[in-house]
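So you can see what is in the structure, the chains are spelled out below.
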Amino acid sequence: MTLRHLNIYVSVFQHGSITRASEALHLAQPSVSLAVRELEEHYRTRLFIRAGRRILPTEAGKEFYGYALHIVSLFAEMEQKFKNWDAEGIFRVGASITIGTHILPDLIGRFQAAYPQLRIEAVIQNSATIEQLILDHSIDVGLVENQPDQPDLQVIPFLEDALCAIVPPGHPLVGRTVSLADLARYPFFMREKGSAGRELLDASFALQQLAVRPAWESSSTQAIVSGVARGLGVAVLPYLLVKRDVEEKAVALARLDPPLTRNLHVICHRSKYRSASMDAFLSLCRSCGAK
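Residues numbered from 1 in each chain as written. Predicted model: local features only at pLDDT ≥ 70, side-chain atom pairs only at ≥ 80, totals over all residues. Heavy atoms only, no water.

**Let's talk about the side chain of T221**
Positionally, T221 belongs in helix α11 (residues 221-229). Judged by relative accessible area, T221 falls into the buried class, the value being 9%. When residues no more than four places from it in sequence are discounted, the contact partners of T221 are R191, L237 and L241. (Helix = DSSP H or I, 4+ residues; strand = E, 2+ residues; numbered from the N terminus. Buried < 20%, exposed > 50% of the residue type's maximum accessible area, 1.4 Å probe, protein only. Contact = heavy atoms within 4.5 Å.)

The structure is reproduced here in structure tokens:
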């Protein structure tokens, strides 16, 4: 049993497929299948069962994955620490859609200037996905809109953001002070479940005992803004995402009362080795909030 076996096992577990794991690892499928079989023979335990075209982990397989992931992640961190990774390696950052659209490009530009030989890879997904990527050690640092409660995550607030109500130009609510109950009388457009903005909005509706079924539900903020601009409904979105559309008068604002604000957060795994470049990026994020 070798580190190669564990790397292959982690990939098969995460992809749920021998084929996709082999593609991700750039290995032939028989080599991947052989490694899994050798692991099962070595430990005399069934780790996967077949279900159609997918393979599913057994209970032993799920338990084994935790150990395997920890070992391969620890080895990767050792490589990072002792191979001058700060200056010439890869720095992997993830961000939610709002942060990835409006904040991350400037942060990466400034960070790249400080570490010109460092290769920076970015992933833009919803906050829940970014949290999971941190927990899986797939990225080094995440920037998210919610406050995760996972005990394995270190959470650092770095910037405050506000959600705002947008309505079509000429709408009766333009410029008025409105509540969520006022907005709920109109077709309501929302981001997809799992996004931080949606979670905050759902919690606010629940607090006010409002039952709101979205007329539109989309992972694309621009699709929501376009629908509002055409007079099809109203929405509550992060101001950072709609600022340009408001300035260009594609949509108009209504003053939300009480206001909805939230902190944006930097997250990283508590057990992860903190390199000098990682500390520098965290400091850069904090300086962004101090402006």
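**A few points about the pairing of strand β5 (residues 141-144)**
Two faces, one strand: in a regular strand the side chains alternate between the faces of the sheet. Burial of the side chains of β5 extends over both faces: V141 and L143 are buried on one face and G142 and V144 on the other. Relative to β5, strand β3 (residues 90-95) runs parallel, the two sharing three bridges. Considered in β5, the bridge of A95 is made with L143. Pairing geometry for β5 and strand β12 (residues 260-269), over three bridges, is antiparallel. Across the sheet, the residue bridging to V144 is H265, located in β12. (Pairing = 2+ DSSP bridges.)

**Overview of the environment of R4**
Take R4: it is sitting in helix α1 (residues 3-15). Along the sequence, R4 and V72 sit 68 residues apart, while their C-alpha atoms lie 9.1 Å from each other. Sequence-distant contacts of R4, defined by excluding residues within four places in its chain, comprise L27 and S31.

**Some details on α11**
Within the span of α11, buried status applies to T221, I224, V225, G227 and V228. Viewed along the axis of α11, the buried residues span an arc of 160°, placing them on a single side of the element. Contacts made by the buried residues of α11 are with β6 (153-167), β8 (188-191), β9 (216-218), β10 (234-238) and α12 (239-247). G231 occupies a position one or two residues after α11 and carries a positive phi of about 80°. (Arc of directions from axis to C-beta.)

**Observations concerning the UniProt feature "domain: HTH lysR-type" (unreviewed entry) in the protein chain**
The positions UniProt marks with the feature "domain: HTH lysR-type" (unreviewed entry) are residues 1-58. Strand forms 14% of residues 1-58 and helix 62%; the C-alpha atoms that close the span are 19 Å apart. (UniProt positions renumbered as here; feature names shortened; annotations may be inferred.)

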